[in-house]
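Analysis of the macromolecular model
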Amino acid sequence: MAAQHNRLWKIGDVEIARIVELNGWEDDITMLLPDADPAFVQSFDWLRPHFATPEGKMIISFQAFVLRSKGRTAMIDTCIGSDRQREFDIFTNMASTFLEDMTAAGFPPESVTDVLCTHLHFDHVGWNTRKVGDRFVPTFPKARYLFGRREFEHWQHLRATNGYHHMDHLIDAIDPVIEAGLAELIEPDFQLTDEVSLIPTPGHTPGHVSVLIQSQGQSAVITGDLMHNPIQIAAPTREVRFDMDKSRGAQTRAEFVQRFGDAPTLVIGSHFAEPTAGHIVRDGQSWKLKTE
Ligand SMILES: [Zn+2]
């Protein structure tokens, strides 16, 4: 693990770094697409070797991005975090080098001015905080933390109604930020700078957003979890286990593929394994991700 997995992109004047916390996780496709099977994965040659194994398992990573634009340094999501109690053993009590990796990438944690969460699942908010003694405190005390209003209110609702979801991450990664007075609730028309804006992409969660970067005639989009593996570019309407609103998620994915298909925009997948980014290009009647 660690800094050897860092990757950098330059989109016009915007610098973007990928900070990986869990690299190249292999799992059954049914974890993501409940009605798919290994043969379906194997039917897409272009997924191998980066995004699928020869046996038809999917490969995904857990990572965050940090970018610099017009004097601001913004985290786009904050991964899983260390020292957590989580629903799955693999995410519990991790001891990752995430903050050191940020420094190695040229984006030291103390330089962060903004933390923008695409949505509030545990693997996108973890490093909002870090454990000091027996408390969790904001990792970026000089930053403002930007949460989508709709997303934030939905999780408050789940919590108030004992919603089905595991909630520990709200307690250790969101509450301390609120208590420190660092949170700002934003709308989908929010712009970080004139180079960095949001695209509402609901379905996975109600307030989910993707992040659009446009500078000097170049562009990129950070997906968030509207998809987890590039196989979903070829099959955008397949049901996704983790989408809160499954039909909306399918619709959002299909619209995303149409919008960025054959477009010059670099698609940076929040869970796409190395090399993580590529372009959506035609593949017969469908689409695929073409990596550099
Ligand atoms: Zn995720």
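This text follows the structure it describes.
Residues numbered from 1 in each chain as written. Predicted model: local features only at pLDDT ≥ 70, side-chain atom pairs only at ≥ 80, totals over all residues.

Per the secondary structure count, the protein includes six helices and 16 strands. Computed over its C-alpha atoms, the radius of gyration of the protein comes to 18 Å, within 12% of the 19 Å expected for a compact globule of 292 residues. Each principal axis of the C-alpha atoms in the protein carries an extent, and together these give about 55 × 45 × 35 Å. Relative to its full complement of 292 residues, the protein shows a buried share of 46%. Within the protein, contacts between residues at least 6 apart in sequence are counted, and of these 66% link residues at least 24 apart. (Helix = DSSP H or I, 4+ residues; strand = E, 2+ residues; numbered from the N terminus. Rg over C-alpha atoms; globule rule 2.2 N^0.38 Å. Buried ≥ 20, exposed ≤ 12 C-beta atoms within 10 Å, placed from the backbone. Contact = placed C-beta atoms within 7 Å.)

The next point concerns the sheet that holds strand 14 (residues 266-268). The sheet built from seven strands is open, its strands ordered 10-11-12-13-14-15-16 with mixed pairing. Looking at the sheet topology across the chains shown, the edges are occupied by strand 10 (191-193) and strand 16 (286-290). Each adjacent strand pair in this sheet contributes to an overall mean axis angle of 30 degrees, direction not counted. (Pairing = 2+ DSSP bridges. Axes fitted to C-alpha atoms, helices over the stretch in contact; angles between N-to-C directions.)

With that out of the way, let us pick up helix 4 (residues 168-179). The end-to-end C-alpha separation of helix 4 is 16 Å, in line with the 16 Å expected for 12 residues at 1.5 Å each. Every buried residue of helix 4 is listed here: His169, Asp172, Ala173, Ile174 and Val177. Buried residues of helix 4 fall within an arc of 150 degrees about the axis and therefore sit on the same side. For helix 4, the exposed residues set more than 90 degrees away from the buried face come down to Ile171 and Glu179. Looking at the buried residues of helix 4, the elements they touch are strand 6 (129-132), strand 7 (135-138), strand 8 (144-148) and strand 9 (183-186). Directly after helix 4, the chain includes Gly181, whose backbone phi takes a positive value near 75 degrees. (Expected span 1.5 Å × (residues − 1). Arc of directions from axis to C-beta.)

Turning our eyes to something else, we now look at the environment of Gly24. Its place among the elements puts Gly24 in strand 2 (residues 14-27). Separated by 63 residues in the primary sequence, Gly24 and Glu87 have C-alpha atoms spaced 20 Å apart. Once residues lying within four places of it in the same chain are set aside, the contact partners of Gly24 are Ile59, Ser61 and Ala273.

It is worth spelling out the environment of Arg18 at this point. Along the chain, Arg18 falls in strand 2. Distance in space between the C-alpha atoms of Arg18 and Glu55 is 28 Å, their sequence separation being 37 residues. Look past the residues within four positions of Arg18 in its chain and what remains in contact with it is Asn6, Arg7, Gln63, Phe65 and Thr276.

Take the sheet that holds strand 5 (residues 114-116) next. One open sheet accounts for seven strands, arranged 1-2-3-4-5-8-9; its pairing is mixed. Looking at the sheet topology across the chains shown, the edges are occupied by strand 1 (7-11) and strand 9. Recorded for the sheet is a direction-independent mean angle of 25 degrees between the axes of neighbouring strands. In this fold helix 3 (residues 149-160) packs onto strand 8 and strand 9, with an angle of close to 75 degrees to the strand it touches most, strand 8.

On to the nonpolar core. Met58, Val66, Ile76, Val115, Leu116 and Val211 are the most contacted members of the largest nonpolar core, which totals 74 residues. Take this core: its biggest share by element is eight residues, from strand 3 (residues 58-69). If sequence neighbours within four positions are ignored, Met58 has contacts with Asp27, Ile29, Leu32, Val41, Phe51, Ala52, Asn229 and Ile231. (Core = buried A, V, L, I, M, F, W, Y, C linked by C-beta atoms within 7 Å.)

Take the pairing of strand 4 (residues 72-76) next. Among the five residues that make up strand 4, four are buried, leaving the element largely enclosed by the rest of the structure. Here strand 3 runs beside strand 4; their pairing, made up of five bridges, is antiparallel. Residue pairing across strands places Phe65 opposite Ile76, the latter belonging to strand 4. Hairpin geometry of strand 3 and strand 4 is characterised by an intervening segment of two residues between the two adjacent antiparallel strands and by a positive phi of about 50 degrees at Lys70.

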